[in-house]
Every structure is written in C-alpha cells, then in structure tokens.
Amino acid sequence: MIENYKGWDINLNWDYKDNLERFTTKSNFFNQNEKWIGVHLNGQKIYGSSLKEIRHIIDYPSLHAE
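About the thresholds
The residue numbers shown here count from 1 along each chain, following its written sequence. Where local features are concerned, this predicted model is filtered to residues with pLDDT of at least 70; where side-chain atom pairs are given and counted, the filter is 80 or more; whole-chain, interface and lining totals use all residues. Calculated side-chain values reflect all of the structure's heavy atoms, with hydrogen atoms and water omitted. The pairing criterion is simple: DSSP has to find at least two bridges between the two strands. Each helix is a run of DSSP H or I of at least 4 residues and each strand a run of E of at least 2, with the numbering of both proceeding from the N terminus. Here, axes are lines fitted to C-alpha atoms. For helices the fit covers the stretch in contact, and angles between N-to-C directions go from 0 to 180 degrees. A contact between two residues is defined here by any heavy atoms of the two lying within 4.5 Å. Pairing of aromatic rings covers Phe, Tyr and Trp, the last through its six-membered ring, and needs centres within 6.5 Å; plane angles under 30 degrees mean stacked, over 60 mean edge-to-face, and all others mean tilted. Counted as over-ring charges are cases with an Arg CZ or a Lys NZ within 6 Å of the ring centre that also lie within 35 degrees of the ring normal.

## A short note on the sheet that holds strand β3 (residues 36–40)
Hydrogen bonds between backbone atoms are what pair the strands of a sheet, whose relative direction is either parallel or antiparallel. The strand order β1-β2-β3-β4 describes an open sheet built from four strands, whose pairing is antiparallel. The open sheet has two free edges, formed respectively by β1 (3–5) and β4 (45–48), since each of these has just one partner strand. Neighbouring strand axes in the sheet, compared pairwise and without regard to direction, differ in orientation by 25° on average. In terms of strand pairing, strand β2 (residues 8–12) meets β3 through five bridges, oriented antiparallel. Within β3, the position partnered with Leu 12 by the bridge is Trp 36. On the sheet, helix α2 (residues 51–59) packs against β1, β2, β3 and β4 and is oriented at approximately 135° with respect to β4.

## Focus on the packing of aromatic side chains
By the definition in use, this model includes zero aromatic pairs. One Lys or Arg, Arg 55, reaches over the ring of Tyr 5 and ends 5.9 Å from the middle of that ring.

Below you can see the structure in the form of structure tokens.
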C-alpha cells in the first residue's frame, strides 16, 4: 500500500504483472488509465492514471460518475 486516504487503500495496480513477459514494450502490457488502484474498506475499487487522479475521484465522486 502506498497510502491510506479517507478510508481508501491506494496502491500501484500490479494485476498485469504476469503480462510483462509476454510483450516487448511497456505501453502494450499496461493500460495507463488503470495504473493506480484504490480499494475502499467495503470492497469498492477505483482506477486512475496517477495518485493525484485517485485522490480527486475520492474527493469529487460526482464528477467521475459512470
């Protein structure tokens, strides 16, 4: 965990780590929009391209409604 922010555990998303060996370039194996992951205590997950973006989504969820 990189940071706990308002009940969210924020970390780098390493779900795609196994795909690193399959591709030659980093841009092919890693979606930059999902580089960071925030997991709330209730299990809700959010993804972002930076730590700053994750904090912004947590602070202003209505701006990022799906």
